[in-house]
Amino acid sequence: MPQLQALIFDVDGTLAETERDGHRLAFNRAFAAAGLDWQWSIELYGELLEVAGGKERIRFYLDRHLPDFVPPSTWQEDWQAQIAALHTSKTVFYKQLLTEGIILPRPGVQRLLQQAREQGIRLAIATTSAPANVLALLKTALSPESADWFEVIAAGDMVPAKKPAPDVYLYVLQQMGLAPQNCLVIEDSHQGLQAALGAGLTTVVTVNNYTRHQNFAGAALVLDHLGDPEQPFTPLAGNARNFTYFDTALAETLLQSYTSS
Ligand code: XBP
Ligand code: MG
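Figured I'd write up the structure that's included with this text. Within each chain, residue numbers correspond to sequence positions counted from 1 in written order. Chain A is the first chain written and ligand 1 is the first ligand written, with later ones labelled in order. This being a predicted model, a pLDDT of at least 70 is required before a residue's local features are given, and a value of 80 or more before pairs of side-chain atoms are given or counted; all residues contribute to the totals for chains, interfaces and linings. Calculation of side-chain values draws on the structure's entire complement of heavy atoms; hydrogens and water are dropped beforehand.

Section: the overall build of the chain
Rules: Strands here mean DSSP runs of E at least two residues long; helices mean DSSP runs of H or I at least four residues long; both are numbered from the N terminus. We compute the radius of gyration from the C-alpha atoms alone; for a globule the expected value is 2.2 Å times N to the 0.38, where N is the number of residues. Contacts: residue pairs with any heavy atoms within 4.5 Å of one another. Counting rule applied: Lys, Arg positive; Asp, Glu negative; His and chain ends not counted. The location of each charge is read from NZ of Lys, CZ of Arg, CG of Asp or CD of Glu.
Scanning the chain from terminus to terminus reveals 9 helices and 7 strands. For a compact globule of 261 residues, the expected C-alpha radius of gyration is about 18 Å, and the chain comes in at 19 Å, within 12% of that figure. Taking the intrachain contacts of the chain between residues at least 6 apart in sequence as the baseline, contacts between residues at least 24 apart amount to 63%. Averaged over its 18 positive side-chain charges, the chain has a centre that lies 2 Å from the centre of its 28 negative ones.

Some details on the site of ligand 1
Operational definition: We call a residue near a molecule or strand as soon as one heavy atom of that residue lies within 4 Å of the molecule or strand. Contacts described as polar in this section are N or O atom pairs within 3.5 Å, which, within protein, must combine one atom able to donate a hydrogen with one able to accept it, while residues neighboring in sequence count only if both atoms come from side chains. Accessible surface is estimated by sampling points in the Shrake-Rupley manner with a 1.4 Å probe; for residues, cover comes only from the protein chains shown. Put simply, Ala, Val, Leu, Ile, Met, Phe, Trp, Tyr, Cys and Pro go in the nonpolar bin, Asp, Glu, Lys and Arg in the charged bin, and everything else, Gly too, in the polar bin.
For ligand 1, the set of nearby residues contains 19 residues, the closest of which are Gly54, Arg57, Lys90, Thr127 and Thr128. Side-chain polar atom of Arg57 to an oxygen atom of ligand 1: 2.6 Å apart, as the coordinates give it. For ligand 1, an oxygen atom lies 2.4 Å from a polar atom in the side chain of Thr127. Starting from 460 Å² of accessible surface for ligand 1 in isolation, the protein chains cover 95%. At the level of secondary structure, the elements contributing two or more residues to the shell around ligand 1 comprise helix H1 (19-33), helix H3 (54-65) and helix H4 (79-99). The element contributing the most residues to the shell around ligand 1 is H1, with 3 residues. Partitioned by chemical class, the residues of the shell around ligand 1 number 5 nonpolar, 8 polar and 6 charged.

So this is what it looks like as structure tokens:
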């Protein structure tokens, strides 16, 4: 029987709702600071989230929405370098936004992390966000020392291909010396689910407003959030047994039924 040895967390949309009022605003501030009149509305951003990774998302926006874009004379010939500079500026704005304390952890996140730590279940992060963003979020939304709770923080450009490619999850497994049968992933998006499934990992999805209507076929369980004793989750797909909030016992149960089927 496979045993639960590690929980692997996605970051944006999973640990906290960072996209609409965090990353999106930071992109807009970086565009304004660079003298660009680009404005990513809440709705447009939902479409742009199709592409994971900030630099990749800017490129996608240019290709799909501004195919005739004429760069200002100050732009370097190499657009990649210009996009990277814009993205660096966006990271500064994002970190600034986080210090305002408006981004909080999603229900059940703190509780689950604490329970896992008490039980010696190992923790890791697998995200497409830049490492600086992840560290800033952990510090401001979870606790100043929370980065130390995670044995591996796999982020941003550490792997060549971002989600939905499985690379970031394969990297975490390799770094931890673990088999997929002993780990469970928490994700919030279709791309994230694809990445985790591609690495052979049992995956639970907690949806949010941007991802609610995506296809989560293959997930062990789809929930509105992880829940808490006083704030039960609503299962959207899959069998949550008699559980009303997600904990390591439910993680273990799912792992056993998924890896033995
Ligand atoms: C989140 C993302 C990221 C963030 C922006 O991925 O798609 O691109 O929106 O972060 P995940 P950067 O849910 O896997 O964490 O600008 O730092 O790339
Ligand atoms: Mg996510």
